[in-house]
Amino acid sequence: MRSVSQICLSLRNKSKMACKRCSNKVAMACSSPKKTVLVTGASGLTGQFAFKKLKERSDKLVVRGLVRSEGSKKKLGGGNEIYVGDVMKPESLEPAMKGVDALIILTTAIPKMKPGSYPANISGARAEDLIDGSFQGTIPEFYFEGGQYPEQVDWIGQKNQIDAAKAAGVKHIILVSTMGSGDPNHPLNSLGNGNILAWKRKAEEYLAKSGVPYTILRAGGLDNKQGGKRQLLIGKNDELLPTEKGYVAREDVAEACVQAVQLEEVKFKAFDLGSMPEGTGVPTKDFKALFAPITTCF
């Protein structure tokens with residue numbers, strides 16, 4: 001049986017061969033002047049950034065959003081480009097997927113702290129601090145709401161999205177995952193006994209074997225600081241994770257997704273995304289150059 005990497009390389013080579021068989025004139029005639037891009041999890045913290053950034057590029061891109069409720073739809077403005085669907089119900093995804101060129105998957109299970117299980121000194125602490133050992137204090141207990149466990153959202157829900165996208169003829173899927181997904185002993189897996197990174201990894205593998213051109217972006221620890229202020233870093237195999245470079249702004253992750261939609265070079269690629277601490281390095285502007293060194297397909 002071939003490994004995930006062997007399958008990825010085979011798919012990438014087939015894609016390159018198909019492109020070479022087409023003349024520039026034919027390619028231009030067949031391509032649409034605007035790409036339609038669907039963001040799932042569009043009402044989430046990172047999803048809202050991605051949705052807004054795509055909307056701001058209306059000269060090149062047509063944006064759609066998928067959310068779970070009418071309330072979330074209203075939060076994004078309530079426009080007709082926002083669809084309501086449930087990733088656990090494949091049939092509800094079909095209307096949003098129809099006619100889509102690229103899909104950005106930003107759905108994920110969210111652990112919640114049990115009331116009363118944490119002390120007062122936890123106020124203001126980052127979630128990353130609570131699980132990487134840098135927080136000094138009692139670590140609280142976490143839980144997942146019913147129907148929102150990682151196995152359901154990060155595995156079955158993402159699998160349903162990939163299947164629906166493939167059936168609809170989507171040409172590129174950008175999956176936002178998390179650094180550490182290859183480590184079964186990572187502390188994040190213990191939160192709420194959800195094994196969240198293990199389920200994310202399973203979705204990554206499923207996408208890589210799907211035959212659909214993909215980009216897997218494994219983000220570092222997320223923060224809510226302003227994007228565009230830091231030098232972004234590309235890594236692999238969690239090499240950025242144990243350092244201060246293993247953090248990245250949600251807004252920068254969203255920008256990386258939007259850039260990936262527009263760049264052929266990141267198809268059939270997987271990478272970690274971190275950043276230099278703010279105030280060091282040069283803020284990233286050229287994403288083509290940032291993505292250029294990526295060689296790993298999984």
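Structure's up top.
Here the residue index of a chain counts from 1 through its sequence in written order. Totals for whole chains, interfaces and linings use all residues, but because this is a predicted model, local features are given only for residues with pLDDT of at least 70 and pairs of side-chain atoms are given and counted only at 80 or more. Calculated side-chain values reflect all of the structure's heavy atoms, with hydrogen atoms and water omitted.

**Q** Can you walk me through the overall build of the protein in this structure?
**A** Broken down by element type, the protein carries 10 helices and 12 strands. By residue count, 47% of the 298 residues in the protein fall in the buried class. In the protein, of all internal contacts separated by at least 6 residues, the share reaching a separation of at least 24 is 78%. In the form shown here, the protein has an accessible surface area of approximately 14900 Å², with 53% of it arising from carbon and sulfur atoms. Strands are runs of DSSP state E lasting at least two residues, helices are runs of H or I lasting at least four, and both sets are numbered from the N terminus onward. Relative accessibility decides the category of a residue: with a 1.4 Å probe and only protein chains considered, values under 20% of the type maximum give buried, values over 50% give exposed, and everything between is partly exposed. In what follows, a contact means two residues having at least one pair of non-hydrogen atoms within 4.5 Å. Only the protein chains shown count as cover for residues, and the accessible areas themselves come from Shrake-Rupley with a 1.4 Å probe.

**Q** I'm lost on unusual backbone geometry in this one. Help?
**A** Trans is the common state for peptide bonds, and a negative phi is the common state for residues other than glycine. Located in the positive-phi region is N193, a residue other than glycine, with phi close to 55°. Mapped onto the secondary structure, N193 falls in the loop between β7 (172-178) and α8 (196-208). Residue classification places N193 among the exposed residues on the basis of a relative accessible area of 68%. A positive phi angle, close to 60°, is found at F268, a residue other than glycine. Tracing the backbone through its elements, the reader meets F268 in the loop between α9 (250-261) and β12 (269-275). F268 sits in the buried class, given a relative accessible area of 3%.

**Q** Would you take a moment to explain the pattern of salt bridges for this structure?
**A** A pair can form between side chains of opposite charge whenever their charged atoms are brought close. Salt-bridge detection follows one rule: a side-chain nitrogen of Lys or Arg within 4 Å of a carboxyl oxygen of Asp or Glu. Following the criterion strictly, the structure yields 14 salt bridges and no others. Residues D223 and R230 are paired through a salt bridge, measuring 2.8 Å at the closest nitrogen-oxygen approach. R230 matches D223 in its accessibility class, with the two residues each being buried. For E265, the salt bridge is made with K288, and the minimal N-O distance between the two is 3.4 Å. Here K288 lies in helix α10 (residues 287-291) and E265 lies in the loop between α9 and β12, a separation of 23 residues in the sequence. Ionic contacts of the salt-bridge type, sharing partners, join the residues K53, R57, E251 and E255 into one network.

**Q** Looking at this model, I keep getting lost on the sheet that holds strand β4 (residues 102-105). Mind explaining?
**A** The pairing of strands in a sheet happens through backbone hydrogen bonds and is either parallel or antiparallel. Pairs of strands are assigned from DSSP output, requiring at least two bridges between the strands. As summarised here, the arrangement of the 8 strands in space is β3-β2-β1-β4-β7-β8-β12-β10, forming an open sheet in which the pairing is mixed. Among the strands making up the open sheet, the edge pair consists of β3 (82-84) and β10 (232-235). Going from strand to strand, the sheet's axes swing by 25° on average, the running direction of each strand aside. As paired strands, strand β8 (residues 214-219) and β12 are joined by 5 bridges and run parallel to one another. Across the sheet, R218 pairs through a bridge with D272, a residue of β12. What counts as an axis is a line fitted to C-alpha atoms, over the stretch in contact for a helix, and the angles between N-to-C directions run from 0 to 180 degrees.

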